[in-house]
Every structure is written in C-alpha cells, then in structure tokens.
Amino acid sequence: MEQRPTPSRSHHREAARQLARQQRELAQRKRARMRIIRQSSLVAGALAVIGIIVTVGMTSTASTRGVEPGPANMRSDGLVFTAAGVQHSSALEPKEAPTPLPAGTDRGNVTIVMYVDYMCPFCKAFEAKYGPTIDKLVQSGATLDLHPVAVLNSKSNGTNYSTRAANAFACVADAEPEKARLVNDALFEHQPPEYSTGLTDDELVKIVTDVGVTNPQKLSDCIRKGTFRNWVTSASYRAFSSLPNANVKTLQGTPTVVVNGTWYDANAYGGAFEAFLEKTIG
C-alpha cells in the first residue's frame, strides 16, 4: 500500500464546513417541524395542545442530548465487534465509547476504533491490507468499534454517496448487525471512484442483500428511505467535534484509526500499521 499522505488542512476545513452546513440544515428542519406543531396546536384547541405538549416533551429528550435517533446497536456512533459477536445496545442510551485499556499482550485489553468513509480510497486500501490483521486481533479478544462517517459527499457529484453508503451500513447494524462486517467489506469491494456519482440506492440494496440477510425487504426500505441519513450527518459532525478516549481531539481525515487511545499516524510509521501495533500493544 502506498504511504497515506496526511490530510491537508484545506481538505479538513472543507469537510468540516460541509458537515457544519449539513448540521445547520438538519437543525432548520427540526425547527420547521416544531413550528408546524405549534401552529397546529393553536387550531386544534386546548385539549389537543395538552396532547402535543406531552408528545413534544417525550420526543425532545433525545434532542436536548444532541443525539439524532439512530440505529440500534450503535450508541457510541459505532458498531462494536468482539470475538463473541456484535455487542447489541440501544441507540437511545447515552452515547458512550469503549474505554481503552492499558497496552499489553492480552488481546482482551485492546480496543480498536476506526472511522471510515465508504467513498475514501485510503479507507479501502487500509481495509484490504490490514482488515485481516484486525479480524485476527478481534478473534483473539480485542474489541473493534467501527464508525461509518460521511466527509466526502463533495466528491460524489451531488448524490451524497458517503451519507447514503453509511446509511446502508447503519440499516444493517440496526436490523441484522451480525452481517455488518460483511457489508463493510462489500461496500469497500464495490467502492465507486471519487468524483463519480457513486452507487445508486438500488446498487446499495443489492450489495447488502447479496451478503445473505434474512429480511431483504426491511433493509431495502431502510436504504431507499434514507432512514438514518440524518443520524449519519450528526454522527459525522460529532466525530469532527471531538473524539472520546483518544490522544487527538477530532477526526484526522479518513481512515482515522485509534488503538488503546493512540491515533495511528501513518506518516510517522511509514505506512506500517504492524509497527504501530507493535509499539502500542506489544
């Protein structure tokens, strides 16, 4: 694999601006919905107002936490894989990230956190070369926390492919998480080139169903409706705002890989992830 260049500041700023704009648009849509609710309550009368207030009070809890309703099993904004399988959790629980443990030879003390964009060629190259190494670590007791993010929408000619692909992964995490690692691999295998229109929703549906899911219709509906697209935007914005349990404050481009709290700086290790692992976990 060629040495991965450090993302330029301009690229980082461009992605941050795009995510900030998407977050503002998301907030504007929420405010618009709230205005409709308030206007409807005036017409409906006092009894309806009481019902609306109760409903708003219930649904605003997640809003005040700043958590967009997202897929089950991704409360940390990532899907957690262990040797025993996927960790199931509720998306409505408070956002928590696995706590990195001290380095050591016991792979049960190893936590790997990865942030990937399915439009990112460096992510595909990293997965192709080091995915098997990471899978072996997981099988020997390590934890993998996989975060799909959307920072390269500007490179898909207006189709927001990064968001749509991450939404497809989220649909699988929500409904059939045991298939998610296969879907992750398939999305990279069929990765479209940058500055193309990306894959269509129909093509994303085929990628997902081809891995052998048990409820293809549910997943097809989720992908085509973009059920978790707003969540993808919010989760990506959170990653650009701060990275929990890491020695870097925010996303360092894609892929960003953090092992036991230490960011893998590809340039510092000459693109040798194994050397980084040796120093970090022994």
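First, a word on scope: everything that follows refers to the structure included in this document. (Residues numbered from 1 in each chain as written. Predicted model: local features only at pLDDT ≥ 70, side-chain atom pairs only at ≥ 80, totals over all residues. Heavy atoms only, no water.)

1. Some details on the packing of helix H6 (residues 201-209) against helix H7 (residues 216-225)
Each pair of packed helices can be summarised by the angle the axes make with each other and by the distance between the axes.
Here is step 1: Across the interface, H6 lies against H7 with an axial gap of 9 Å and an inter-helix angle of 145°. At the point where H6 passes H7, the crossing takes the right-handed sense. Contacts between H6 and H7 involve Asp201, Asp202, Leu204, Val205, Val208 and Thr209 from the first element and Pro216, Leu219, Ser220, Ile223 and Arg224 from the second.
Here is step 2: Residue composition of the contact of H6 with H7, by class: 6 nonpolar, 2 polar and 3 charged. (Axes fitted to C-alpha atoms, helices over the stretch in contact; angles between N-to-C directions. Helix = DSSP H or I, 4+ residues; strand = E, 2+ residues; numbered from the N terminus. Left-handed = near helix turned anticlockwise from the far one by under 90°. Contact = heavy atoms within 4.5 Å. Nonpolar A, V, L, I, M, F, W, Y, C, P; charged D, E, K, R; others polar.)

2. Side note on the sheet that holds strand E3 (residues 111-116)
Here is step 1: Across the sheet, which stays open at both edges, the 6 strands sit in the order E2-E1-E4-E3-E5-E6 with mixed pairing between neighbours. Either end of the sheet is taken by a strand with one partner, and the two such strands are strand E2 (85-86) and strand E6 (262-263).
Here is step 2: Inspection of the sheet shows strand E5 (residues 256-259) paired to E6 by 2 bridges, in the antiparallel sense. When the sheet's bridge partners are listed, valine 258 is paired in E6 with tryptophan 263. (Pairing = 2+ DSSP bridges.)

3. Topic: the pairing of strand E4 (residues 143-148)
Here is step 1: Burial runs high along E4: 6 of the 6 residues are buried.
Here is step 2: The two faces of E4 match: Thr143, Asp145 and His147 on one face and Leu144, Leu146 and Pro148 on the other face are all buried.
Here is step 3: Pairing geometry for strand E1 (residues 79-82) and E4, over 3 bridges, is antiparallel. The residue of E4 that forms the bridge with valine 80 is aspartate 145.
Here is step 4: Inspection of the sheet shows E3 paired to E4 by 6 bridges, in the parallel sense. Across the sheet, the residue bridging to valine 113 is aspartate 145, located in E4.
Here is step 5: Traced from E3 through helix H3 (residues 121-139) to E4, the parallel crossover comes out right-handed. (Buried < 20%, exposed > 50% of the residue type's maximum accessible area, 1.4 Å probe, protein only. Right-handed = clockwise from strand over helix to strand, strands pointing away.)

4. As for the side chain of aspartate 145
Here is step 1: Along the chain, aspartate 145 falls in strand E4.
Here is step 2: Separated by 3.3 Å, the side chains of aspartate 145 and serine 76 make a polar contact.
Here is step 3: Here histidine 147 takes part through its side chain, which lies 3.1 Å from a polar atom of the side chain of aspartate 145. (Polar contact = N/O pair within 3.5 Å; in protein donor to acceptor, adjacent residues only side chain to side chain.)

5. Quick notes on the nonpolar core
Here is step 1: In this structure, Ile112, Met114, Phe169, Val259 and Phe273 are the most contacted members of the largest nonpolar core, which totals 69 residues.
Here is step 2: Sort the elements by how many residues they give to this core and helix H4 (residues 161-175) lands first, with 9 residues.
Here is step 3: Phenylalanine 169 has contacts with Met74, Leu79, Tyr118, Leu146, Pro148, Ala180, Asn184 and Leu187, leaving out every residue within four places of it along the chain. (Core = buried A, V, L, I, M, F, W, Y, C linked by side-chain atoms within 4.5 Å.)

6. Examining unusual backbone geometry
Here is step 1: Residue threonine 254 is joined to proline 255 through a cis peptide bond whose omega torsion reads -5°.
Here is step 2: The backbone phi angle of asparagine 73 is positive, close to 75°, even though this residue is not glycine.
Here is step 3: Here asparagine 73 is to be found in the loop between helix H2 (46-65) and E1.
Here is step 4: On the basis of relative accessibility, which here comes to 6%, the residue asparagine 73 falls in the buried class.
Here is step 5: With a phi angle near 55°, asparagine 245 is a residue other than glycine that sits in the positive phi range.
Here is step 6: With respect to the helices and strands, asparagine 245 occurs in the loop between helix H8 (229-241) and E5.

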